[in-house]
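Observations on the model geometry
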Amino acid sequence: MATSSLIREPSSSRTNTNCKNNNPQLPFTMSSNGVSVKDRFKQVYGRHRIHRRSTLLSLSNAAHAARRANSMPPGHGISRSGTSGVRTASMGTKQLSSGDGDAPKHTIENDPNLAELAAKRDETNGFIPAHKKTVLQTMKTIALSNYANPLLVFVPVGIACHAVGVNPVVVFVMNFLAIIPLAALLSYATEEISIRIGETLGGLMNASFGNAVELIVGIIALLQDEITVLQASLLGSMLSNLLLVLGMCFIAGGSRYKEQSFNYTSAQMSASLLILSISSLLIPAAFSNSFDTAAEAEDGVLKISRGTSVILLVVYATYLVFQLKTHTYLYEEAEDEERDIAGVDREGNDIEMQQQRTTQPEGFESTLPTDEARLDNTTTATEGAVSEEEEEGGEVANITPIAAIILLICVTVLVAVCAEFLVSSIDALVEESGISRTWVGLILLPIVGNAAEHVTAVTVAYKNKMDLAIGVAVGSSLQIALLVTPFMCLLGWWTGHAMSLDFNTFEVVLLFVTVILVNYLIGDGKSNYLEGVLLCAVYLIIAVAVWFYPEVASRSVISDISRELVMESSQSCLPTEQDDANTLHFHPLRAMAVKTRWQAVRDKKLAEQHAILEPYLLSTSSLPSPVVAGSERIRYVNECAALTDREVEITSWPASNLLQSLREGTATCVEVTTAFIQRVTIAHQLTNCLTEPLFSSALSRAAELDALPPSSRRPLHGLPISLKDQFNVAGVDTTLGYISRCHAPAPKSEQSVLVSILQDAGAIPIVKTNLPQSILWCETQNPIFGITTHPLNPAYTPGGSTGGEAALLAHSASHLGWGTDIGGSIRIPAALCGLWGLKPSSTRIPYSGVPVSQEGQPAIPSVVGPLTREMGMLEVGMRAVLGGKPWERDPGVAPMPWRYEEVKAAYVGKKVRIGVMGTDHIVTPLPPVQRVFEELVQKLKGMPEKYELVEWPALGHRECLTLMDRMYTVDGGEEIRRSVTKGGEPFLPHVERLISRGKAVSVLEYWEMNTEKIKLQKAYLELWTSAGLDFVLCPVMPHPAVPHERTKWVGYTKIWNFLDLPAAVFPVDKVTHEDMWKEYVAREGTEMEEMLKATWEEFGKGMVGMPVGLQLVGRRLREEEVLVGLERVVEDCKLGTEPMVS
């Protein structure tokens, strides 16, 4: 504000119109001693220091000034102005003057009568100087300092709730309410201390502690890796202040005044700084989208974020100097000639001038005639000797410095404690209430830190103090943007947390829209209630939008995950050259730029895994290069120095020989378990196939079994087995590829029934293996353990979802693995890795204790089955499980004992009728699959006395598969969506596609789907029965192993899940060089075949040597018949009974 704009000519009709509390003021005139107008303004009105301070306090969320004025009980001071604890001499100086420099001075110091009157008035009004207060009086002063203090009762309640372990949602609510009064007390203590240390230091202290609650909550969220909550709360504080608080201020003031004015210059400066702050968030977001990979983006974004944070802090410091030192005159309140037009009531009358004209005497230009009158216009000493700062600034402390410091320390500690409990209970709040982390951070948490300031700003706006109100709203947002946010970014750098300025794009857009709107509304230096309504309306729209906004990672992360997995799988799943000899670095998602806490959870999980594997790890330099493909990778395990000759011998024995040696004692259980543990670790280094190493419990169990006498040894005595991660093992996590399930070990009461039966049979689980996020995919990758690679080629997929088991078994690191199958999850990996697998009908094998996505939907049941290296182990595994009478432990199991020997005897000499289905007429298989299928069919046709073959037309397959896909997502993908968002990790592309297929259906629609399913099943059964079939022979996949993310069509396996028929997979042959000369012709208009053709033409050479398997399908619940039929086909066609990858 220019100096000239402050000069007003004296007027008899307009004298002392800006004074409050009935205290007259001098008009603006040049004094006789030559004092400048500006200096005279400072002397007469005493506003310079007050406005400098109030503006700084507003910038730092320190509206404690007005708050205390509005909330302090009477009797705590004399002649209060609108600022905190300010006791103002109406003349604003130590002397009263009539306008000339020769007038006598009347001050408390040199006038005993005034000092005596001041003391009497203090005593009369109940005012006690701070240094004279007792401890109880000080505590009473603190207790009465704010109307929010009754909420302090929630502080011990919140702490107690956390201590006794009540519902975390209750803990959140109690600590949420507790932090509100603590925030007010923190501001009060800060203000009391700042009064004593001078204006400049006091202003800086208020600037530092103005957002102390946000800082404390933010630091705790950062250290707990709640990055989503932290970033959302920072933006939420700005949105709350700029929209809700400022809007309520405009509405509150507009309810009393038609129009209010404020300092246009300072408002525009604040708007410019807001543009800078939003630019600091937009630039990293745009920057991150300029890279091809998330790893590169993360590194670059972190660098520019940290550099930008340093610049923002420098700008903030410069702004303080600009405001406090060099350009203070720009921040004077518009209370002079502008305020004259600001206080216009609803009828158009000047409220403030009316009040003042009725209370001010005419032409006050001489000293007051009485001591009482002089006392009314003189600063009263409140503490023995009043400093010059206190006299000129007019601020009086209400508690002693020691009390203020103790209060500050205690409140800070309590805020930290309550904030930690608050943040730690967010997970439970999100899980139980359905509220997203983004909504918690963007809407809820800002209420905690700014509640007191919200009330203050609205109150002072109602009293026509718009500069102070805008200072609180806009100034607080500036401090969040220019101080707190960059500080958090640098703190994350120092503490090793990936906090950057690359905020969620949706949230940044919200802030951008907000800044633009606020900039327009404050641009004219005036406000009214309609502008307040606009701001509040935008805030409500944002709150609604955030409520329904899905909690997913940034666009760059989601779009790059697939590319990262494919590009890095061959390198990242192996130890790198930069790593130490025994350091694992096989996690391809390690470098992804994701903003949520899942990174820390994942890293902790991998660190735990590494600690178990470390004693068995090979040197990185000894591992085969990722570019090496083929059987050499399989042979490496036997040839590496990590395995002794004895261990190579043990792990190379056929399963029947191994079991015999264990039963006879020629090999001990500990010896065998140790050998397989070493082989498991090598297989993991080559394929990234493990999730949970069970080495310690396995060795302990092996020692116990060795102590048993031969008569007590069970059928699977000492046999090391492996389990898909899905199976609950007591004391071990079952993640299903979800971050939210990490570090939540299964209790003993929830251990898988199948695992318990196998342990009772003498088997020793040594490891759990990898699976895809959500399980519902035919490849194996998740954000926790990364991607599992094919044992013959790291660039190719082993299939899924039981891909970890297949990769492990292919490396001879287990003889019997167990997986699940809801659409081909056992059969696809078995076929692609040259193994044997069996998908039973539902209800045959116990599923209790096996968590699964979409648990509870019975329409397409997931089933448990074995994968093995040898055909005979399928029967051994089934016999062991059903021999344990699982129907007595799991009500979902049909009471059907294993009848393999009876069925085998019945099939002796029987002519088997097989339907042959070379194609499902939806996607035609590639040439090598067609060749292998036709060759086997010709062999069977060559034995007409044993086999009768009929063409199977695959009638109804398309209808069945269409309905099946609909039934997969009857909940609209909600169950999977919740599981992913609960942990905060990104959706993998295939999972995102799955849950985006459609909306949830009604119960009636679901019933209708089940009715249709039964009709289709019945029609297929009638077709099967009328044809007199024993089995159907068909491909497993339309292709052998393909590069990652190239698997598309699984109709050859899904159909048998829909019909709930048992199916066994067996290896037949490998892709040959001759196959490469054959062209694949895609039918016109078939998108799947076009994609398959492109894969064949581009990657076909890499398929050479890959196994090709087929499947034999039988009647429902006739698993014994399927295995008997499989044994006959394999034996008659001389296919071999060992894995195809050896």
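Residues numbered from 1 in each chain as written. Predicted model: local features only at pLDDT ≥ 70, side-chain atom pairs only at ≥ 80, totals over all residues. Heavy atoms only, no water.

**Here's the deal with the pattern of salt bridges**
Side chains that differ in sign of charge can pair as their charged atoms come close. Here is the rule: By salt bridge we mean one thing: a side-chain nitrogen of Lys or Arg within 4 Å of a carboxyl oxygen of Asp or Glu. We count a stretch as a helix when DSSP gives it H or I for four or more residues in a row; a strand needs E for two or more, and each element gets its number in order from the N terminus. Buried means the residue's accessible area, taken with a 1.4 Å probe over protein chains only, is under 20% of the maximum for its type, while exposed means over 50%, and partly exposed covers the values in between.
What the rule picks out here adds up to 29 salt bridges. Lys-526 is the partner of Glu-259 in a salt bridge, and the nearest nitrogen-oxygen pair spans 3.9 Å. With Glu-259 in the loop between helix H10 (227-254) and strand S1 (260-261) and Lys-526 in strand S2 (residues 526-527), this residue pair connects regions lying 267 residues apart in the sequence. Of the charged contacts in the structure, one is a salt bridge between Lys-1018 and Glu-1022, with a shortest N-O distance of 2.5 Å. With Lys-1018 and Glu-1022 both in helix H39 (residues 1003-1027), this residue pair falls four residues apart, about one helical turn. Overall, the relative accessible area of 49% leaves Lys-1018 in the partly exposed class.

**Overview of the environment of Asn-464**
Put simply, the test is: Think of a polar contact as two N or O atoms within 3.5 Å of one another; within protein, one of them needs to be a possible hydrogen donor and the other a possible acceptor, and neighboring residues in sequence only count if both atoms come from side chains.
On the secondary structure map, Asn-464 appears in the loop between helix H19 (437-462) and helix H20 (466-495). Judged by relative accessible area, which is 1%, Asn-464 ranks as buried. The spacing of Asn-464 and Tyr-257 is 207 residues in sequence and 8.1 Å in space, taken between C-alpha atoms. At a separation of 3.1 Å, a polar atom in the side chain of Asn-464 contacts the side chain of Gln-260.

**Focus: the sheet that holds strand S12 (residues 947-951)**
Paired through their backbone hydrogen bonds, the strands of a sheet run either parallel or antiparallel. Note the following rule: Pairing between two strands requires that DSSP report at least two bridges joining them. Angles run from 0 to 180 degrees between N-to-C directions of axes, and those axes are lines fitted to C-alpha atoms, restricted for helices to the stretch in contact.
With respect to topology, eleven strands assemble into an open sheet ordered S3-S5-S4-S8-S10-S9-S14-S15-S13-S11-S12, the strand pairing being mixed. Since the sheet does not close on itself, it has two edges, and those belong to strand S3 (690-693) and S12, each with one partner. Shown here is a sheet whose adjacent strand axes are inclined to one another by a mean of 25°, direction ignored. Where strand S14 (residues 1063-1070) meets strand S15 (residues 1107-1113), seven bridges bridge the pair, whose relative direction is antiparallel. Opposite Asp-1069, over in S15, you have Val-1108 as the bridge partner.

**Focus: a nonpolar patch on the surface**
What counts, and what does not: Here the term patch refers to residues with relative accessible area over 30% and no salt bridge, with like charges joined within 9 Å and nonpolar side chains (Val, Leu, Ile, Met, Phe, Trp, Tyr) within 5 Å. Accessible surface area values rest on a Shrake-Rupley calculation with a 1.4 Å probe, where residue burial reflects the displayed protein chains alone.
Among the surface-exposed residues, Ile-275, Leu-282, Val-509, Phe-512, Val-513, Ile-516 and Tyr-520 lie close enough to one another that they form a single nonpolar patch of about 600 Å² accessible area. Every element with two or more residues in the nonpolar patch is listed here: helix H11 (264-288) and helix H21 (505-521). Position of Val-509 relative to the elements: it lies in helix H21. Under the relative-accessibility criterion, Val-509 is labelled partly exposed at 43%.

**Regarding unusual backbone geometry**
Between Gly-800 and the following residue, Ser-801, the backbone shows a cis peptide bond with an omega angle of 10°. If you trace the backbone, Ser-801 turns up in the loop between strand S7 (786-787) and helix H31 (803-810). Phi at Ser-774 takes a positive value of approximately 80°, unusual for a residue other than glycine. Here Ser-774 is to be found in the loop between strand S5 (764-769) and strand S6 (781-782). Although it is not a glycine, Thr-843 sits at a positive phi angle of roughly 80°. For Thr-843, the location among the structural elements is in the loop between strand S9 (836-839) and strand S10 (863-868). A residue is classified by how much of its surface remains accessible, and Thr-843, at 30% relative accessible area, is partly exposed.

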